[in-house]
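# Structural overview for review
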Amino acid sequence: MKELLRILGSILLFFLLTAATQVGGIVYLIYRPLGWWMVGRIRPKLLAVTVQLAGFLVVLSACALFVVPPIAEHFGRVPLPIRATADEPVRPARWFYVIANRHYVQPALREVAVGVGQKLRAVHADASLVYLDANFPFFDDFPLFPHLSHDDGRKLDVCFAYRSMKATTVRYDSPSWLGYGYVEGPADSEENWTERCKEEGEWQYDMLSKITRQDRPYSVDVAVTKDMIRFFLRDQRVDKLFLEPHLTRRWGLNKEPKLKFHGCHAVRHDDHLHIQL
Ligand SMILES: [Zn+2]
């Protein structure tokens with residue numbers, strides 16, 4: 001019975017890691033014998049489990065940084081920059097996106113992102129373009145949970161810029177622990193797609209805001225965020241951007257044909273911007 005539970009647990013873990021990181025399930029299968037060998041030799045058991053988990057994270061990270069990028073090139077995908085520099089002011093919102101291999105794009109989209117980062121920094125000192133989920137490194141049509149469309153290297157989510165209410169500092173990543181879910185919701189007089197979509201039974205539409213604290217002392221820096229949106233809009237290679245309709249209108253961008261509403265089957269887009277080629 002114990003052995004059966006252990007096998008079922010391993011199968012479940014394999015699928016969860018594959019869904020979250022694409023290659024994590026395979027890394028787990030390779031690492032598993034070493035992990036169990038350690039558990040058998042280290043005492044107490046809590047220390048053994050900690051060492052086993054830490055070892056797995058080290059192997060997963062090493063794989064994400066050194067093994068996956070050269071292979072991804074053969075699939076036409078390149079990683080986005082993992083550290084913002086003067087030449088490439090682009091970085092992930094959280095290290096999770098890199099370790100989980102969720103920061104891969106087609107080379108053209110990498111050029112677009114770096115170009116927007118450079119333009120942003122040219123007008124706002126110290127600015128960086130901060131990204132969230134992009135795509136996995138291998139295969140088209142491999143879904144990047146929970147996104148419906150991030151499966152071909154042509155999609156990218158980025159953070160808005162935020163301004164601290166206490167000070168005058170601007171932060172370029174989200175105040176949310178996850179990077180998603182810190183929403184700039186509609187006022188009473190604005191169109192409220194969250195309400196409409198939930199009335200249509202689309203419960204997932206605002207699920208990320210439910211697991212994110214909304215009382216942080218930050219609000220969207222509209223000037224910086226609008227500059228970022230305009231830089232994306234002006235790039236010929238960009239096909240469309242998704243933004244929640246109340247923000248499109250509030251920020252005076254409703255005449256921009258590339259700015260679209262994503263529909264109720266997705267999640268709300270007043271916590272991030274979606275770009276696609
Ligand atoms: Zn997206």
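See above for the structure.
Heads up: these notes are all about the structure in this document. (Residues numbered from 1 in each chain as written. Predicted model: local features only at pLDDT ≥ 70, side-chain atom pairs only at ≥ 80, totals over all residues. Heavy atoms only, no water.)

### Quick look at the state of the cysteines
Here is the rule we go by: Any pair of cysteine sulfurs within 2.5 Å is marked as a disulfide. Strands here are runs of E lasting at least two residues and helices are runs of H or I lasting at least four, both read from the DSSP assignment and numbered beginning at the N terminus. The buried label goes to any residue with under 20% of its type's maximum accessible area, the exposed label to any with over 50%, and the partly exposed label to all in between, with areas taken from a 1.4 Å probe on protein chains only.
Applying the stated criterion to the full structure yields one disulfide. C197 shares a disulfide with C264; S-S distance 2.0 Å. Every disulfide takes its handedness from the sign of the S-S torsion; for C197 and C264 that torsion is -75°, giving left-handed. Note that C197 is positioned in helix α6 (residues 193–199) and C264 in the loop between β10 (259–260) and β11 (273–276), a separation of 67 residues in sequence. We classify C264 as buried; its relative accessible area is 8%.

### Description of the packing of aromatic side chains
Convention followed: Any pair of Phe, Tyr and Trp rings, taking the six-membered ring for Trp, is counted once the centres come within 6.5 Å. Such a pair is stacked with planes under 30 degrees apart, edge-to-face with planes over 60 apart, and tilted for the rest. Remark: a charge is flagged as sitting over a ring if the NZ atom of Lys or the CZ atom of Arg is within 6 Å of the ring centre and within 35 degrees of the ring normal.
According to the stated counting rule, one finds 11 aromatic pairs in the structure shown. Plain terms: the ring middles of F160 and W251 are 5.7 Å apart, the flat faces sit at 75° to each other, and that makes the pair edge-to-face. Note that F160 is positioned in the loop between β5 (155–158) and β6 (162–164) and W251 in the loop between α9 (245–250) and β10, a separation of 91 residues in sequence. W251 sits in the buried class, given a relative accessible area of 4%. Judged by centre distance (5.9 Å) and plane angle (65°), the rings of Y162 and Y182 are edge-to-face. Taken together, the residues span a long stretch of sequence, with Y162 in strand β6 and Y182 in the loop between β7 (170–171) and α6 at a distance of 20 residues. The class of Y162 is buried, set by a relative accessible area of 0%. The exposure class assigned to Y182 is buried, which follows from its relative accessible area of 5%. Among the aromatic residues, ring-to-ring pairing joins Y28, Y31 and F56 into one connected group. Over the aromatic face of Y218 sits the side chain of R171, whose NZ or CZ is 4.8 Å from the ring centroid. One cation-aromatic arrangement involves R196 over W193; the distance from NZ or CZ to the ring centre is 4.3 Å.

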